[in-house]
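Analysis of the macromolecular model
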Amino acid sequence: RDWLAQVGCFDGAALKMIRERLGVDLQAIFAVTRIQPRFLEDIEAEAFGSFPAEVYLRSYLIEYSRFLGLESQRVLNDYLQRYREWAANHRGCGS
């Protein structure tokens with residue numbers, strides 16, 4: 001897993017790449033974490049509008065990163081920064 005050290009930022013694309021490289025499908029994650037596959041897909045696609053509040057996204061990211069054996073705090077820091085930038089630009093726009 002030396003290739004994992006090459007990941008500079010844990011964004012949605014990086015999480016999907018890691019999951020695929022580990023040979024894990026969304027159903028396997030769902031079976032353990034009970035996070036619906038559509039939310040896992042939304043995390044990977046950075047479809048931020050799918051999450052009603054940051055607290056949901058945060059808990060999903062923790063479970064998802066733990067399942068993949070990643071450092072959850074680093075994933076949270078990287079991913080939530082992107083989410084918060086998106087949220088700052090979409091407040092009050094009905095998104």
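Residues numbered from 1 in each chain as written. Predicted model: local features only at pLDDT ≥ 70, side-chain atom pairs only at ≥ 80, totals over all residues. Heavy atoms only, no water.

Take the packing of helix 3 (residues 37-45) against helix 4 (residues 54-67) next. At their nearest, the axes of helix 3 and helix 4 sit 11 Å apart, and the two run at 90° to each other. Between helix 3 and helix 4, the interaxial angle falls into the category roughly perpendicular. Here Phe39, Leu40, Ile43 and Glu44 of helix 3 lie close against helix 4, whose contacting residues are Leu57, Tyr60, Leu61 and Tyr64. (Axes fitted to C-alpha atoms, helices over the stretch in contact; angles between N-to-C directions. Helix = DSSP H or I, 4+ residues; strand = E, 2+ residues; numbered from the N terminus. Parallel < 35°, antiparallel > 145°, perpendicular 65-115°, else oblique. Contact = heavy atoms within 4.5 Å.)

Once that is clear, we can look at the pattern of salt bridges. In this structure the tally under the stated criterion is 5 salt bridges. For Glu20, the salt bridge goes to Arg19, with nearest N and O atoms at 4.0 Å. The salt bridge involving Glu54 is made with Arg84; its shortest N-O contact spans 2.5 Å. Residue Glu54 is located in helix 4, and its partner Arg84 is located in helix 5 (residues 72-90); the two are separated by 30 residues in the primary sequence. A single salt-bridge network, built from bridges that share partners, covers Arg19, Glu20 and Glu44. (Salt bridge = Lys/Arg side-chain N within 4 Å of Asp/Glu carboxyl O.)

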